[in-house]
Amino acid sequence: MKILGAVLAAGKGERMRIATPKPLLPLLGRPMVGWAYEALRASGIPDPIIITSPALRPAFAGILGRPVRTVVQPEPRGTGDAVSRLKGLVKGDCVIVVIQADTPLFDPAHITALLAARASRNALVAFATATVEDPSGLGRVLRDPAGAVANIVEETEASPAVKRVREINAGLYAFAAPAIFDLLAAIAPVGEKKERYLTRAVELALSRGASVTTVTVPADASAGVNTLPQAAYAQAILQARKLAELMSQGVIVDDPASVTVEWGVEVGAGSRLRPGTCLEGATKVGTDCVLGPDAVLRDAVLGARVTVRSSYVTASRLDDGVDVGPYAHIRPGCRVRAGAEVRSHAEIVRADLGEGVKMHHFSYVGDAVVGAGANIGAGAITANYDGKWKLPSRIGKQAFIGSGSVLVAPARVGDRARVGAGAVVPAGRAVKPGTTVVGVPAKPLKGGRRA
């Protein structure tokens, strides 16, 4: 039977008191709605639908990294009304799996189990339940003496005895369609906003003699997010799962409580994440690397045996054996080739450092290509901005750039050339291969060597 997946994502999250709508709140680098959406896809349900408000619909155009189908709920008339908006998409018999955007902790296995439970009973309604320590604010699941579902009671309508029940509605459903739409239409609207709640479908189905079944999921899978503390709790669980997965693949994590690794990050076996390390975005780390303490990488690609200590690396590539830090800053657009060193307080941007380059001590290279084996001295810089344009420079193989020197772009230093300490190479000037230049402006050293 065809299966249709849907994510309810119309909530603003007013209790969070932030400008970001609740479904778009990032959790471990992915919008919260993305966790529910991807759980559906990973369970084998292709192309899920997001049911959202007119105001939020444009936000889903590219936020999940792929085209997304959306259905609009014109007014906030409750979850039952939201699911009824799918009626026009259902052609013939199918099963509709509904998950809420603010329940980001369901695994694909939970969805698969729910579908199996519904199929085994040919149930009109199937939903997930969990037994939690503190059910405050959640709908309680009531059962008859035989253990069958009798009702879902919202806390606002619950008696003191019902409030003591710890089995709750986890917010994951599977419905037989098109029959469910007649049931949803019969749900009575309540409150000033005339909302129709999905939980009422259980009571109505039972009253009509239809089959209702449940599947039990772990308490942490059922955790919903309505406040920022709840968001932090959910993110901590997602982080623990991510680190457990990496450690099962041979990644060493010294102190999981102090390490952040976002969902899209890849780390090779034998690599070590030391305290304070933060790996974000699409970062890919090779084998046998050592990152940290206090290394922050975003959208970085690392080869094998790379070391990054107390430094930032953003949208750049570090080849095998590169050594970075402490306190270095590798800004976007850089390539640091095998065996190169970018050390204390050094900074590069849009730069290509060749194999074995040594760049130490408060130096800066921007918009430059540096040849293999070159040495960038302490405090040396490329002055790559003329007030209007960013301009390139080129430093040759085995060149030596002395401490405190300035290469005013566009500048060119040939292979094996030497720029003396404190020298200034003017814009457009070329230092010939094998020569030594000194002074301001830099000129060939009298009697200086030539390779």
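In this report, we go over the structure that sits alongside the text. Remember, predicted model here, so these are calculated numbers, not experimental data. (Residues numbered from 1 in each chain as written. Predicted model: local features only at pLDDT ≥ 70, side-chain atom pairs only at ≥ 80, totals over all residues. Heavy atoms only, no water.)

Some details on the nonpolar core
By size, the foremost hydrophobic cluster in this structure holds 54 residues, and its most contacted members are V308 and L318. Taken together, the elements giving at least two residues each to this core come down to α7 (228-248), β28 (347-353) and β30 (364-370). In contact with L318, not counting residues within four places along its chain, are V301, L302, G303, V306, V308, V313, V324, I330 and V336. In terms of nonpolar packing, the next biggest core, distinct from the first, is built from 34 residues, L40, F106, A170 and A221 among them. (Core = buried A, V, L, I, M, F, W, Y, C linked by side-chain atoms within 4.5 Å. Buried < 20%, exposed > 50% of the residue type's maximum accessible area, 1.4 Å probe, protein only. Helix = DSSP H or I, 4+ residues; strand = E, 2+ residues; numbered from the N terminus. Contact = heavy atoms within 4.5 Å.)

Concerning the pairing of strand β11 (residues 212-216)
In terms of burial, β11 is a largely internal element, 4 of the 5 residues being buried. Bridge count between strand β7 (residues 125-131) and β11: 5 bridges; the pairing is parallel. Considered in β11, the bridge of V125 is made with V212. (Pairing = 2+ DSSP bridges.)

Here's the deal with the pattern of salt bridges
The final tally for this structure, using the stated rule, is 25 salt bridges. As a salt-bridge pair, K358 and E341 come within 3.4 Å of each other at their nearest N and O atoms. With a gap of 17 residues between them, K358 in strand β29 (residues 358-359) and E341 in strand β27 (residues 341-342) connect regions that are remote in the sequence. Residue classification places K358 among the partly exposed residues on the basis of a relative accessible area of 35%. Since its relative accessible area comes to 16%, E341 is described here as buried. (Salt bridge = Lys/Arg side-chain N within 4 Å of Asp/Glu carboxyl O.)

Looking at unusual backbone geometry
The omega torsion of the bond from G292 to P293 falls at 5°, within 30 degrees of zero and hence cis. Examined against the element boundaries, P293 turns out to sit in the loop between β18 (290-291) and β19 (296-298). With a phi close to 60°, R305 is a non-glycine residue in the positive phi region. Assignment of secondary structure puts R305 in the loop between β20 (301-302) and β21 (307-308). Note on R305: relative accessible area 49%, which makes it partly exposed. Of note, F362 is a non-glycine position whose phi angle comes to about 65°, a positive value.

Describing the side chain of E38
With respect to the element layout, E38 can be found in helix α1 (residues 32-42). Exposure remark for E38: the relative accessible area of 15% places this residue in the buried category. Residues contacting E38, with those up to four places away along its chain left out, are R30 and R66.

Side note on the environment of G65
Relative to the helices and strands, G65 resides in the loop between β4 (49-52) and β5 (69-72). Put simply, G65 and G34 are 31 residues apart on the chain and 9.7 Å apart in space, counted from C-alpha to C-alpha.

Some points on the sheet that holds strand β34 (residues 400-401)
A sheet is described by the order of its strands in space; here 12 strands give the open sequence β12-β15-β18-β21-β24-β27-β29-β31-β34-β37-β40-β41, paired in mixed fashion. Of all strands in the sheet, those bounded by a partner on one side alone are β12 (252-253) and β41 (443-444).

A closer look at the pairing of β30
Of all 7 residues making up β30, 6 are buried, and the element is well covered by its neighbours. Across 6 bridges, β28 lies against β30 in parallel orientation. Considered in β30, the bridge of I348 is made with V365. As paired strands, β30 and strand β33 (residues 393-395) are joined by 3 bridges and run parallel to one another. Looking at the pairing, A368 lines up with S393 of β33.

Focus on the packing of aromatic side chains
For the coordinates displayed, the defined rule picks out 1 aromatic pair. A ring pair is formed by Y173 and F175, whose centres lie 5.5 Å apart and whose planes are at 15°; its orientation type is stacked. Taking the ring centre of W35 as reference, the NZ or CZ of R30 above it sits at 4.5 Å. (Phe/Tyr/Trp six-rings, centres within 6.5 Å; stacked < 30°, edge-to-face > 60°. Lys NZ or Arg CZ within 6 Å of the ring centre and 35° of its normal.)

Looking at α7
With 21 residues, α7 extends 30 Å from end C-alpha to end C-alpha; this agrees with the ideal 30 Å at 1.5 Å per step. Taken together, the buried positions of α7 are A231, A234, I237, L238, Q239, K242, L243 and L246. The inward-facing, buried residues of α7 contact β2 (26-27), α1, β12, β13 (260-261) and β14 (266-267). Taken from the residues just after α7, G250 is the one with a positive phi, measuring 95°. (Expected span 1.5 Å × (residues − 1).)

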